Amino acid sequence: MKKDKALETLSSGRFALLLTGNVHDNVPFKSKLANRVELIKLELSNEGYSIITYSRSEGLGVYDIGKHKDVRTALQTYGLEKFLTDKKEINDQEVGLVFRNILRMLQSCDISSKIAIIVNYASHVAGHQHAQNEERVFSEIGHMLATLPILSRKGHCVIAIDDGSQEISPLIATEFHKVNYEYPSEDMYKDLFQILKNGVSDYALTNLEAEEFIKLSQGLRVTDIKSMFKDAKDKGVTIDRKCILKEKEQLINQISEQTLKVVDTTEKVEIGGMEVIQNILEQEAQLLKSGSREASRALLVTGPPGTGKTTLARQFAQMSGFNLLTLDEVKNMFVGESERRMSKALSIIESMGNCILFIDEIDQVFKSREQANMDGGVSSNHLSELFKFSSREDLRGKIIIFGASNTPHLLDPAMLSRFTIIPVIEPTPIELAKIVPLIEKQISKSNILDPNNSMILNGCETVYTKGATPRDLWKIISHAKRKTGKLNSESFLMAAKEFRSSMDPWSIALSSLVSVNMTSMLSYLPWFNSPSTYPYPWYLKDIVSSLDGTMNEELLQQRIAEAKSLAKY
Ligand SMILES: Nc1ncnc2c1ncn2[C@@H]1O[C@H](COP(=O)(O)OP(=O)(O)O)[C@@H](O)[C@H]1O
Ligand SMILES: [Mg+2]
């Protein structure tokens, strides 16, 4: 069996250790789960150490010290025994005394055994807020302990454990050798899974396969997974993919300092039409699910407002079964702070793995450098952070960035090259008709409007020429219902005729033209499979060849320039 990191470090000749990171986790040990600190004690004991423990709440303690007579006598001699008898909090005045006496005891010549002092929650002692005079007790004495020549001469050691709740005093940080415990490795999750599977009397059943469990669990502590399985057992619940996503959601909310938000994707998303896009996303989702090296690192959906881009992100999360995270309160901070928050968010995403980083209206968060110069360079710094992140090959198949933009012409060209770009332009009349019942369902829980009904189709054709998007369908359907008191194909057609778009046609044209110009593949264009029958919108009619769906580049560029000068937004 492999030695614990702390013991390995001790045997490499270090005598003062500061354990940081994921120290207080469980670890698989002999087909069971054990507390890591307890395991360290066990291993130390096996190596012949007498162990004295200190924690603020439990005071002084010893571990398996019976066989070391000299240590027991020494504890008595130095007045420490009375702190051992009843395990209670040691008050502020006493902390100093205790540590000074430990120091003297270690220097004494009467002890032949090796002693390990384990101080739980080093920061707690070092900066204890109530301990006025003794405030820096451990930081000073700990510093002395760590630099004590006797420590190495006699083979004693002092191990401080950081719980991460407070800043560690620099005195400790410099003198103690840091041993950082990472979050569990894949091997550890694998062992954990076996233990959970075998321990059906304590733990809930799961319908997950080992491989899926290992992949999904990344970023969770063994302790959290263990209590999840225990709680589920009590409730008689089977652990599935959703349970683990929920657990991660809670953890992310807890540790992200509001830099990240987990989007709720429990409600089923139904998309109408958009077959081409659906297929691309389905493929990407499968690659992601299998952790494939072929998965994209970053996807970008672009097109006019209201065409379903935000909805596609939610659907993509459901297809892949990953958490959907958004950057929260990162962009509106002042320069230094927003940078720090961005790094924090990205490092959490990295440790969690298997998630989708959704950046909605990415043009607002990451403006082109040109635009960013106008607001103090904040955005361009963000941009470079995200650049580095998006090009990390090791994250392929684990983390995908999903961006959405209504105004792709405002995006930094350097960023665009990192994305697989999928244009999402206005749905065709037939597609709009398919979306109608989906929106009807959400508005009135009814199922009356039939996409094949000629009046519905007629209405959709009418609104299509006026530049309506699915979002406008909400208005149209609500209006039909409100005005006539009933929802049917007649009232829909009536509302469709009344409809006027609030969007400026040239703004829609600009967004769509730039989007189709940016497409990563010609086959991503919505007309690619049916170039001869596709109802091209007015600004594309003369640009696309109805023979093969290719675009006249020169005309396209001209039209984009024209749209830029005429668009109001
Ligand atoms: N293809 C679609 N199928 C079903 N509903 C859609 C579709 N596209 C858009 N919607 C609906 O239209 C509204 C606007 O979509 P949204 O995703 O917010 O657009 P965007 O992010 O492109 O501005 C949402 O309520 C969404 O449910
Ligand atoms: Mg949106």
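Description of the layout of surface pockets
- Put simply, the largest pocket is a space of about 1,000 Å³.
- Secondary structure elements with two or more residues in the lining of the largest pocket: strand 1 (16-21), strand 8 (177-181), helix 10 (186-198) and helix 11 (210-217).
- Broken down by element, the residue count for the lining of the largest pocket peaks at five residues, all from helix 11.
- Roughly 700 Å³ of volume is contained in the second largest pocket.
- Along the wall of the second largest pocket there are 28 residues; nearest its centre are Glu270, Thr311, Arg314, Gln442 and Trp474.

Structural notes on helix 25 (residues 505-518)
- With 14 residues, helix 25 extends 20 Å between its outermost C-alpha atoms, agreeing within 8% with the 20 Å of an ideal straight helix rising 1.5 Å per residue.
- Counting buried positions along helix 25 yields 12 of 14 residues, so the element is predominantly enclosed.
- On its buried face, helix 25 is in contact with strand 10 (298-302), helix 20 (413-416), strand 14 (420-423) and helix 26 (553-566).

What to know about unusual backbone geometry
- With a phi angle near 60°, Ser31 is a residue other than glycine that sits in the positive phi range.
- Here Ser31 lies in the loop between strand 2 (26-29) and strand 3 (32-35).
- At Asn354, a position not held by glycine, the phi torsion is positive, near 45°.
- Position of Asn354 among the secondary structure elements: in the loop between helix 16 (335-352) and strand 12 (355-359).
- With relative accessibility at 1%, the residue Asn354 sits in the buried group.

Considerations on the domain arrangement of the protein chain
- Domains assigned within the protein chain are domain 1 (5-181), domain 2 (186-251), domain 3 (275-421) and domain 4 (425-569).
- Taken together, the contacts link nine residues of domain 2 with 15 residues of domain 3.
- Of the roughly 930 Å² buried where domain 2 meets domain 3, counting both sides, 45% is carbon and sulfur surface.
- Taken as a group, Lys215, Gln218 and Arg241 account for 56% of the area that domain 2 buries against domain 3, more than any other trio of residues on that side.
- Across the contact surface, domain 2 and domain 3 share zero salt bridges.
- Those elements giving two or more residues to the side of domain 2 that touches domain 3 turn out to be helix 11 and helix 13 (241-255).
- A total of five residues in the side of domain 2 that touches domain 3 trace back to one element, the largest contributor, which is helix 13.
- Here the side of domain 2 that touches domain 3 is composed, by residue class, of three nonpolar, two polar and four charged.

Rules used in this analysis
Residues numbered from 1 in each chain as written. Chains lettered and ligands numbered in written order. Predicted model: local features only at pLDDT ≥ 70, side-chain atom pairs only at ≥ 80, totals over all residues. Heavy atoms only, no water. 1 Å grid on protein atoms, 1.4 Å probe; cavity = no way out; pocket = protein on both sides within 12 Å on 5 of 7 lines; lining within 4 Å. Points joined across faces, edges and corners; volume = space filled by probe spheres on them. Helix = DSSP H or I, 4+ residues; strand = E, 2+ residues; numbered from the N terminus. Expected span 1.5 Å × (residues − 1). Buried < 20%, exposed > 50% of the residue type's maximum accessible area, 1.4 Å probe, protein only. Contact = heavy atoms within 4.5 Å. Domains from an automatic or database assignment. Buried area = accessible area lost by both parts, 1.4 Å probe. Salt bridge = Lys/Arg side-chain N within 4 Å of Asp/Glu carboxyl O. Nonpolar A, V, L, I, M, F, W, Y, C, P; charged D, E, K, R; others polar.

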